[in-house]
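If you want the building blocks of each chain, they are given just below.
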Amino acid sequence: MSERDTAFDQANTHLAIGELEQAEACYREAVAADPEFFDGWHALGMTLMKQGKIKEAIGCGLQATTLEPNDLLAWTALSQMYVQDQQIAEAEFAKGNARILSLGGKVKK
């Protein structure tokens, strides 16, 4: 198993038992090992959001949507992050992209 996958599995284990700081550290290891790892960025963003680290979470959410611009959950999560940061226009934009995807459209071809 690769360093990325090992760190990601460890992060998921920590997350499952509520160890958010340990999960965050392992997700960071996973994306450091593979900066193009969409699942790692998405999970890191969600973990940061759960900890109230919203600005960092938004950065991860943006990275995830850059890597996979047609991922419905990534746009939905980014919208939630923006709402928590009271960036309503950005939240609406992300929500709009999620809506396009939910209807079978594409954000980027």
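Located above this text is the structure these notes cover.
Residues numbered from 1 in each chain as written. Predicted model: local features only at pLDDT ≥ 70, side-chain atom pairs only at ≥ 80, totals over all residues. Heavy atoms only, no water.

Quick word on the packing of aromatic side chains
The geometry of an aromatic ring pair comes down to the distance between the two centres and the angle between the two planes.
Reasoning step 1: In this structure the tally under the stated criterion is 3 aromatic pairs.
Reasoning step 2: Aromatic side chains phenylalanine 8 and phenylalanine 37 sit 5.0 Å apart centroid to centroid with 75° between the ring planes, which places their arrangement in the edge-to-face category. Here phenylalanine 37 lies in the loop between helix H2 (20–33) and helix H3 (38–50) and phenylalanine 8 lies in helix H1 (residues 3–16), a separation of 29 residues in the sequence. Accessibility assignment for this pair places phenylalanine 8 and phenylalanine 37 in one class, buried.
Reasoning step 3: Considering the side-chain rings of tryptophan 75 and phenylalanine 93, the 6.1 Å spacing of their centres and the 80° angle between planes classify their relative orientation as edge-to-face. Placement of tryptophan 75 in helix H5 (residues 72–84) and of phenylalanine 93 in helix H6 (residues 88–102) is noted, with a sequence separation of 18 residues between them.
Reasoning step 4: A residue is classified by how much of its surface remains accessible, and phenylalanine 93, at 53% relative accessible area, is exposed.
Reasoning step 5: Here the aromatic cluster, defined as three or more aromatic residues joined through ring pairs, consists of Phe8, Tyr27 and Phe37.
Reasoning step 6: The positively charged end of arginine 4 is found above the aromatic ring belonging to phenylalanine 37, 3.9 Å away from the centroid. (Phe/Tyr/Trp six-rings, centres within 6.5 Å; stacked < 30°, edge-to-face > 60°. Helix = DSSP H or I, 4+ residues; strand = E, 2+ residues; numbered from the N terminus. Buried < 20%, exposed > 50% of the residue type's maximum accessible area, 1.4 Å probe, protein only. Lys NZ or Arg CZ within 6 Å of the ring centre and 35° of its normal.)

A closer look at H5
Reasoning step 1: The terminal C-alpha atoms of H5, which comprises 13 residues, lie 19 Å apart, in line with the 18 Å expected from a rise of 1.5 Å per residue.
Reasoning step 2: Among the residues making up H5, those that are buried are Ala74, Trp75, Ala77, Leu78, Ser79, Met81 and Tyr82.
Reasoning step 3: The backbone nitrogen of leucine 73 lies 3.2 Å from a side-chain oxygen of the residue at the head of H5, namely aspartate 71. (Expected span 1.5 Å × (residues − 1). Polar contact = N/O pair within 3.5 Å; in protein donor to acceptor, adjacent residues only side chain to side chain.)

Things to note about the pattern of salt bridges
Reasoning step 1: Counted by the stated rule, this structure contains 6 salt bridges.
Reasoning step 2: A salt bridge links aspartate 5 to arginine 4; the shortest N-O distance between them is 3.0 Å.
Reasoning step 3: A residue is classified by how much of its surface remains accessible, and aspartate 5, at 27% relative accessible area, is partly exposed.
Reasoning step 4: Put simply, arginine 28 and glutamate 24 hold a salt bridge, and the shortest N to O gap is 3.0 Å. A residue pair is termed a helical-turn pair when its members lie 3 or 4 positions apart in one helix, as arginine 28 and glutamate 24 do in helix H2 at 4 residues.
Reasoning step 5: Here arginine 28 falls in the partly exposed class, since its relative accessible area comes to 33%.
Reasoning step 6: Where salt bridges share partners, they join Glu24, Arg28, Lys53 and Glu56 into one cluster. (Salt bridge = Lys/Arg side-chain N within 4 Å of Asp/Glu carboxyl O.)

Some details on the side chain of threonine 47
Reasoning step 1: For threonine 47, the position within the fold is in helix H3.
Reasoning step 2: We classify threonine 47 as buried; its relative accessible area is 1%.
Reasoning step 3: A polar contact is formed between the side chain of threonine 47 and the backbone oxygen of alanine 43, at a distance of 2.9 Å.

Brief notes about the packing of H3 against H5
Reasoning step 1: Running from N to C, H3 and H5 cross one another at 25°; their axes reach a closest spacing of 11 Å. Compared by their axis directions, H3 and H5 come out roughly parallel. Crossing of H3 against H5: the hand is left-handed. Where H3 abuts H5, its residues Phe38, His42, Gly45, Met46 and Met49 lie against Leu73, Ala74, Ala77, Gln80, Met81 and Gln84.
Reasoning step 2: Of the residues in the contact of H3 with H5, the class split is 7 nonpolar, 4 polar and no charged. (Axes fitted to C-alpha atoms, helices over the stretch in contact; angles between N-to-C directions. Parallel < 35°, antiparallel > 145°, perpendicular 65-115°, else oblique. Left-handed = near helix turned anticlockwise from the far one by under 90°. Contact = heavy atoms within 4.5 Å. Nonpolar A, V, L, I, M, F, W, Y, C, P; charged D, E, K, R; others polar.)

No statement about biological role is implied by the geometric values presented.
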